[in-house]
Amino acid sequence: MNKDSNKAPHSKSNPLKFKVSEPSQLMDFLMKKLDGISRNKVKRMLANKVVSVDGQRTTQFDFALEPGMVVEIGKPTAKERFRNPWLSIVYEDKYLLVIDKKEGLLTNSPTKEKDTAQGILNDYFIYTQQRCRAHTIHRLDRDTSGLMLFAKSKEVALMFEEDWKNTVYDRRYVAVVSGCMEKKEGMVASWLKDNKAFITYSSPVDNGGKYAETYYRTLYSTPRYSLVELQLETGRKNQIRVHMADIGHPVVGDPKYGHSEDSGAYDNSLGRLCLHAYKLCFHHPIKKKDMEFETPFPKVFAKPFPGMANKEL
């Protein structure tokens, strides 16, 4: 077994230490010592202040190293906790994480992990020295924001997958939709099936697709827009977006299912897809506890409703 004689033994509680043997820049040194880690990952480690040289924290990627210096990679303190413009960690334990994802970020990718929620979390595990990988439990569309679950092991992810309906007992979204809702609340049901172009089509009768139910409750309305809470009985691809379009109230900012029959255009007045996963409740499969999380509605969702008080968000 090959060992790096300059690397001190470490565990979850001990930092990584490397002794410098020849002049180098910090970026190059870390990329070499950390088995070809990418430049972006090193920059994130430096930005999160987990790298020190001779006991002094540094964020300088081109810091000049001299022989005899000691480079240390430690865990971030509470004040140096994880920060990323694309997501925040709402809850974390040794088995799973709950995150709040921003719109515009892919959940994962079959070809590249860079610039996905899964990839960002795997970077986080590296610089916090956690020996795990992020396993996707469920997904949100790229342009949908809100709460998501990731497991730290395949075994925990499978626990959710094998009994999803009973384990995840409440998921709710909020959306700004076009038009004034005719009914205060109701349910939309249909069979959803993708065509070869990956467009999801809805049918009131079985079309060989998957059956889907979406419950909605109108929170606020104007003649032009409605703020709607949505609860999923099933979790199908594009379910909310297709069902809202089915009843003539497409989600604002939806370029795929929100096109007007009259103009052919879609309403992008708020500059984003106005769909946000704001509530997530599940039975923790290891701790055997009910876990309930909520995140505030995006502030832009209040823009079409000037009469609505801020406290209603």
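Refer to the structure above for everything that follows.
What counts, and at which threshold
- Residues numbered from 1 in each chain as written.
- Predicted model: local features only at pLDDT ≥ 70, side-chain atom pairs only at ≥ 80, totals over all residues.
- Heavy atoms only, no water.
- Pairing = 2+ DSSP bridges.
- Helix = DSSP H or I, 4+ residues; strand = E, 2+ residues; numbered from the N terminus.
- Axes fitted to C-alpha atoms, helices over the stretch in contact; angles between N-to-C directions.
- Parallel < 35°, antiparallel > 145°, perpendicular 65-115°, else oblique.
- Left-handed = near helix turned anticlockwise from the far one by under 90°.
- Contact = heavy atoms within 4.5 Å.
- Phe/Tyr/Trp six-rings, centres within 6.5 Å; stacked < 30°, edge-to-face > 60°.
- Buried < 20%, exposed > 50% of the residue type's maximum accessible area, 1.4 Å probe, protein only.
- Patch = residues over 30% accessible without salt bridge, like charges linked within 9 Å, V, L, I, M, F, W, Y side chains within 5 Å.
- Areas by Shrake-Rupley, 256 points an atom, 1.4 Å probe, with all protein chains shown as cover.
- Salt bridge = Lys/Arg side-chain N within 4 Å of Asp/Glu carboxyl O.
- Polar contact = N/O pair within 3.5 Å; in protein donor to acceptor, adjacent residues only side chain to side chain.

A. Local environment of the sheet that holds strand 1 (residues 16–19). Taken together, the 4 strands give an open sheet; going across it, the order is 1-6-3-4, and neighbouring strands pair in antiparallel fashion. Each end of this open sheet is capped by a strand with a single partner; those strands are strand 1 and strand 4 (56–57). Here strand 1 runs beside strand 6 (residues 70–73); their pairing, made up of 4 bridges, is antiparallel. Looking across to strand 6, one finds that K17 is bridged to E72.

B. Local environment of the packing of helix 1 (residues 26–33) against helix 2 (residues 39–47). Two elements in contact, helix 1 and helix 2, have axes whose closest approach is 10 Å; the angle formed by their N-to-C orientations is 115 degrees. One finds that helix 1 runs roughly perpendicular with respect to helix 2. Judged by the sense of rotation from one axis to the other, the crossing of helix 1 with helix 2 is right-handed. Together, L26, M27, D28, L30 and M31 of helix 1 and R39, V42, K43 and L46 of helix 2 make up the contact between the two elements.

C. Structural detail: the packing of aromatic side chains. Evaluation of the coordinates by the stated rule reveals 8 aromatic pairs. Both rings, one in F18 and one in F29, keep their centres 6.3 Å apart while their planes meet at 80 degrees; by these two values the pair is edge-to-face. Residue F18 is located in strand 1, and its partner F29 is located in helix 1; the two are separated by 11 residues in the primary sequence. A relative accessible area of 1% means that F18 is categorised as buried. Taking the relative accessible area as the measure of exposure, F29 reaches 8% and is therefore buried.

D. Spatial organisation of a nonpolar patch on the surface. Side chains of M187, Y211 and Y215 sit close together on the surface and give an oily, nonpolar patch of about 270 Å² of accessible area. The topology assignment puts Y211 in strand 14 (residues 210–221).

E. Examining the side chain of T295 more closely. Following the sequence through the fold, T295 ends up in the segment after strand 17 (290–294). Classification of T295 by relative accessible area gives buried; the value is 9%. Polar side-chain contacts of T295 include one of 2.8 Å to the side chain of D100. Aside from chain neighbours lying at most four places away, what touches T295 is D100, L147, H276, A277 and Y278.

F. Seen up close, the pattern of salt bridges. Tallied over the entire structure, the rule returns 13 salt bridges. Where K41 meets D123, a salt bridge forms, and the shortest distance between an N and an O atom there is 3.5 Å. Highlighted residues: K41 in helix 2 and D123 in helix 3 (residues 117–127), separated in sequence by 82 residues. The salt bridge involving D93 is made with K287; its shortest N-O contact spans 3.6 Å. Within this pair, whereas D93 is found in the loop between strand 7 (87–92) and strand 8 (96–101), its partner K287 is found in the loop between strand 16 (275–283) and strand 17, the two being separated by 194 residues in sequence. Among the residues examined, D93 registers a relative accessible area of 10% and is labelled buried.

G. Just the environment of A117, in detail. Relative to the helices and strands, A117 is located in helix 3. Sequence spacing of A117 and L105 is 12 residues, and the spatial spacing of their C-alpha atoms is 6.7 Å.

No statement about biological role is implied by the geometric values presented.
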